[in-house]
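# Observations on the model geometry
The lines below spell out each chain.
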Amino acid sequence: EAVGLYNLGQTCCLNSLLQVFFMNIRFTGILRRITVPSSAAQKRSNVPYQMLLLLEKMQCGKCKAVCPRDLAYCLSEHRVKLFVQYDAAQLFLTLWNLLKKQIRKPELVEELSDLYTICIQEHLACQKCSFEIKSNSTMLTLPLPVLDANSHRLSTLEDCLQYFFLPEELTGQNMCFCQQCGRKTTFLQSMRLVHLPQTLTLHLKRFCFERSSHTHKLGHFLQFPQELDFREVLTEDQCQADDSEKATWQYELFAVVAHSGSTGFGHYCAYIRSLTECKWYCFNDSEVCQVSWDDVKCTYGRSSLNWRETAYLLFYMKKHPQ
């Protein structure tokens, strides 16, 4: 049965992300094959090992919830402070980097990277001549704006993806130096998708930073689908992949990390679809209950109720992995 995690004091963000990791059977398959540290001190400070102990405690116990205290103190040794509010997108990157750093087997590090890493090609083209610059980079999440350049609200996930990959003209202070022209010129900057992982993480940038350094939450309605096919969302110009790669770009929604409240005071929970039962569950710290797709859709958001639950991180799984 699904097991909850007790809140130690503002650890709802950590608890939600841990549940998303643990419900991913491909991730736990990697975790179960790690090298166990030899000394007691190494065990206390090893994040993958402490995550494995917590997973086994959740699976072997008969309690409705378990306490993640040992893992929390392990994370505090790596400058992950306890009893403070976290941004789920940032904490996800921190946890993943600690896992990658502390897993000793190179083949498992490669599997972890394959499971989560997105590959993007940045393309810069001078608008005065034929000079081009191409560079590949990797990322763990696609940070998707929920507003366009004119601050208009984007209302679907597909709109957010299309806007993210929309070419941008670099003019004025943003002009780049062209080696062929010998001076700064206007460039066209575009992002092209090269590779998508088995588990795709999308970050809906609902926290808006203003010039006054004030942060507010964008809680407007934004719909996301249960099934997502990137071949239908992006154009040929926005992809840099062969047909065999694109054939695997069909996804099913696996999990939603949702935020309720304001930027100053909020709460996280996770909606996760069991890969074995194909049922949706809500993981709200120590409370776990089965929910419907209609319950998950409540995280689409509503403009008049910014403090209500809104989806913040979306996790999609490949339907037909290679």
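Everything that follows concerns the structure shown earlier in this document.
This report concerns the structure included in the present document.

Conventions and cut-offs
- Residues numbered from 1 in each chain as written.
- Predicted model: local features only at pLDDT ≥ 70, side-chain atom pairs only at ≥ 80, totals over all residues.
- Heavy atoms only, no water.
- Core = buried A, V, L, I, M, F, W, Y, C linked by side-chain atoms within 4.5 Å.
- Buried < 20%, exposed > 50% of the residue type's maximum accessible area, 1.4 Å probe, protein only.
- Domains from an automatic or database assignment.
- Contact = heavy atoms within 4.5 Å.
- Axes fitted to C-alpha atoms, helices over the stretch in contact; angles between N-to-C directions.
- Helix = DSSP H or I, 4+ residues; strand = E, 2+ residues; numbered from the N terminus.
- Parallel < 35°, antiparallel > 145°, perpendicular 65-115°, else oblique.
- Left-handed = near helix turned anticlockwise from the far one by under 90°.
- Nonpolar A, V, L, I, M, F, W, Y, C, P; charged D, E, K, R; others polar.
- Pairing = 2+ DSSP bridges.

One finds Phe27, Met51, Tyr116 and Val257 to be the most contacted residues of the largest nonpolar core, which totals 55 residues. No fewer than three residues from each of domain 1 (1-115) and domain 2 (142-166 + 199-321) sit in this core. Residues in contact with Val257, not counting those within four places in the same chain, are Ser16, Leu17, Val20, Ala88, Tyr268, Cys269, Ala270, Thr310, Ala311, Tyr312, Leu313 and Phe315. Counting 40 residues, the second largest nonpolar core, distinct from the first, contains Phe164, Phe230, Leu234 and Ala311.

Packed helices, taken two at a time, are described by the angle between their axes plus the distance between the axes. Their axes nearest at 10 Å, the elements helix 1 (residues 12-22) and helix 6 (residues 88-102) cross at an angle of 55°. Here helix 1 lies oblique to helix 6, going by the angle between them. Handedness of the helix 1/helix 6 crossing: right-handed. Together, Cys13, Leu14, Leu17 and Phe21 of helix 1 and Ala88, Leu91, Phe92, Leu95 and Leu99 of helix 6 make up the contact between the two elements. In terms of residue class, the contact of helix 1 with helix 6 is built from 9 nonpolar, no polar and no charged.

Moving on to the pairing of strand 14 (residues 250-261). When a strand is regular, its side chains alternate between the sheet's two faces. In terms of burial, strand 14 is largely enclosed, as 10 of its 12 residues are buried. Relative to strand 14, strand 13 (residues 227-229) is paired through 3 bridges, and the arrangement is antiparallel. Directly across from Leu228, in strand 14, lies its bridge partner Tyr251. Where strand 14 meets strand 18 (residues 310-318), 8 bridges bridge the pair, whose relative direction is antiparallel. Each residue of the ladder has a partner; that of Val257, found in strand 18, is Leu313. Examined bridge by bridge, strand 14 and strand 15 (residues 266-273) share 7 bridges and lie antiparallel to one another. Each bridged residue has a counterpart across the sheet, and for Gly261 the counterpart in strand 15 is Gly266.

Shape is all these values report; function is a separate question.
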